[in-house]
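# Structural description and commentary
The chain contents come next:
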Amino acid sequence: VRRHDLAGLRVAVSAGGTREPIDPVRFIGNRSSGRQGLALAAAAAERGAEVVLVAAHVDRGLLAEAALPTAVRIVAAGTAAELGEAMRSAAVVADVIVMAAAVADYRVEGIAPRKLTKESAAGPAITLELVETDDIVAGLVRDRREGQTIVGFAAETPGDGEALIDRARRKAARKGVDLLAANEVGWERGFETDRNALVIVDVEGRVVAEPRGTKRDVAEAVWDAVVAVRS
Ligand code: C5P
């Protein structure tokens, strides 16, 4: 049994993958299942926190399976813009913010009001114009209230020669988060699995933990790191 070390804290956790509409029936999404975010929310509630879970697309079966404690309030968000709005409003009272959602970096400019069809296309190829979305966590850091702890996540694909830890350090500094939890993802790793391995660094780039295990195990390690950084 874990200690009640988050009692009295309000936490906001984002989870799942955002979906950016192309037309009324299609979207650009990603492979995030929401598992890690759900585990973070459940762990925080069990450790005594009052939790707002801002859920982008989260696997429905997982959500039911998670049987989240009543201390978790769920707010649904579809797009990156909606998730940003929900997080900004949760942030007004939150002591801790954890951005575990996989947020789209680009959205479709000029969403089609009706379903795109081959008949309506001018030829055998069509072009979608994509524009950058706002970096939500960077905005939350800019507007952070006194004493608020902000945690970012980073899903990285290995293979460009830069070690995960170096990318984590760079991202922590660039975003200004108190803690950044980085994990490797790929076709066989990170998504749709119950296990994860993280390297957690602070804003100075110090490694504070390298948990591996179930997503619940690593969620507990993230909260341990939050407790440590706040003390
Ligand atoms: O730069 P990158 O997308 O890898 O950063 C990941 C972190 O930033 C995650 O915590 C994610 O939730 C957050 N993010 C965000 N707004 C975006 C894109 C990512 O807050 N538009």
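Not measured: the values here are computed from a predicted model. (Residues numbered from 1 in each chain as written. Predicted model: local features only at pLDDT ≥ 70, side-chain atom pairs only at ≥ 80, totals over all residues. Heavy atoms only, no water.)

## Description of the site of the ligand
The immediate surroundings of the ligand are formed by 14 residues, with Met99, Ala101, Val137, Phe153 and Lys171 found nearest. Between Ala101 and the ligand, the recorded distance is 2.8 Å, taken from a backbone N or O atom to an oxygen atom. Val137 places a polar main-chain atom, nitrogen or oxygen, 2.8 Å from an oxygen atom of the ligand. In isolation the ligand exposes 450 Å². Once the protein is present, 89% of that is buried. A molecule is said to occupy a pocket when more than half its atoms come within 2 Å of that pocket's grid points, and by this definition the ligand occupies the largest pocket. Listing elements by their share of the shell around the ligand, those giving two or more residues are α4 (136–142), β9 (149–156) and α5 (164–175). Taken together, the residues that form the shell around the ligand break down as 7 nonpolar, 2 polar and 5 charged. (Near = heavy atom within 4 Å. Polar contact = N/O pair within 3.5 Å; in protein donor to acceptor, adjacent residues only side chain to side chain. Areas by Shrake-Rupley, 256 points an atom, 1.4 Å probe, with all protein chains shown as cover. 1 Å grid on protein atoms, 1.4 Å probe; cavity = no way out; pocket = protein on both sides within 12 Å on 5 of 7 lines; lining within 4 Å. Sits in = over half its atoms within 2 Å of the grid points. Helix = DSSP H or I, 4+ residues; strand = E, 2+ residues; numbered from the N terminus. Nonpolar A, V, L, I, M, F, W, Y, C, P; charged D, E, K, R; others polar.)

## Overview of the sheet that holds strand β10 (residues 179–184)
Strand order in the open sheet formed by 8 strands is β5-β4-β1-β6-β9-β10-β12-β13, with mixed pairing between adjacent strands. In this open sheet, the two strands that pair with only one neighbour each are β5 (72–76) and β13 (207–209). Mean inter-strand twist for the sheet, computed between neighbouring axes without regard to direction, equals 20°. Across 2 bridges, the pairing between strand β12 (residues 199–202) and β13 is antiparallel. Looking at the pairing, Val201 lines up with Val207 of β13. Sheet strands in contact with helix α1 (residues 35–46) are β1 (10–15), β4 (50–55), β5, β6 (96–99) and β9, and its direction is about 165° off that of β1. This element, helix α6 (residues 215–230), spans β1, β6, β9, β10, β12 and β13 of the sheet and lies at about 140° to β9. (Pairing = 2+ DSSP bridges. Axes fitted to C-alpha atoms, helices over the stretch in contact; angles between N-to-C directions. Contact = heavy atoms within 4.5 Å.)

## Overview of the UniProt feature "binding site: CTP" (unreviewed entry) in the chain
Sites flagged by UniProt as "binding site: CTP" (unreviewed entry) map to Asp105, Lys115, Phe153, Lys171 and Lys175. The greatest C-alpha distance among the residues just named is 37.9 Å, and with 71 residues of sequence between them they are spread in space as well. For the largest pocket, the lining residues drawn from the annotated set are Asp105, Phe153, Lys171 and Lys175. Here Asp105 shows up in the loop between β6 and β7 (106–108). For Asp105, a relative accessible area of 55% translates into the label exposed. Dropping the residues within four chain positions of it, Asp105 is found in contact with Val131, Glu132 and Thr133. As for its placement among the helices and strands, Phe153 is situated in strand β9. Note on Phe153: relative accessible area 19%, which makes it buried. Leave out the neighbours within four places in its chain, and Phe153 touches Gln36, Leu40, Val98, Met99, Ala100, Leu180, Ala181, Leu198 and Val222. (UniProt positions renumbered as here; feature names shortened; annotations may be inferred. Buried < 20%, exposed > 50% of the residue type's maximum accessible area, 1.4 Å probe, protein only.)

## Thoughts on the environment of Ala76
Tracing the backbone shows Ala76 in strand β5. Accessibility expressed as a relative area gives 71% for Ala76, which makes it exposed. For the pair formed by Ala76 and Val226, sequence separation is 150 residues and the distance between their alpha carbons is 25 Å.

## Re the environment of Ala168
Residue position: Ala168 is located in helix α5. According to the relative accessible area criterion, Ala168 is buried, its value standing at 1%. In this structure, Ala168 is in contact with Leu180, Ala182 and Val201, ignoring residues within four places of it in sequence.

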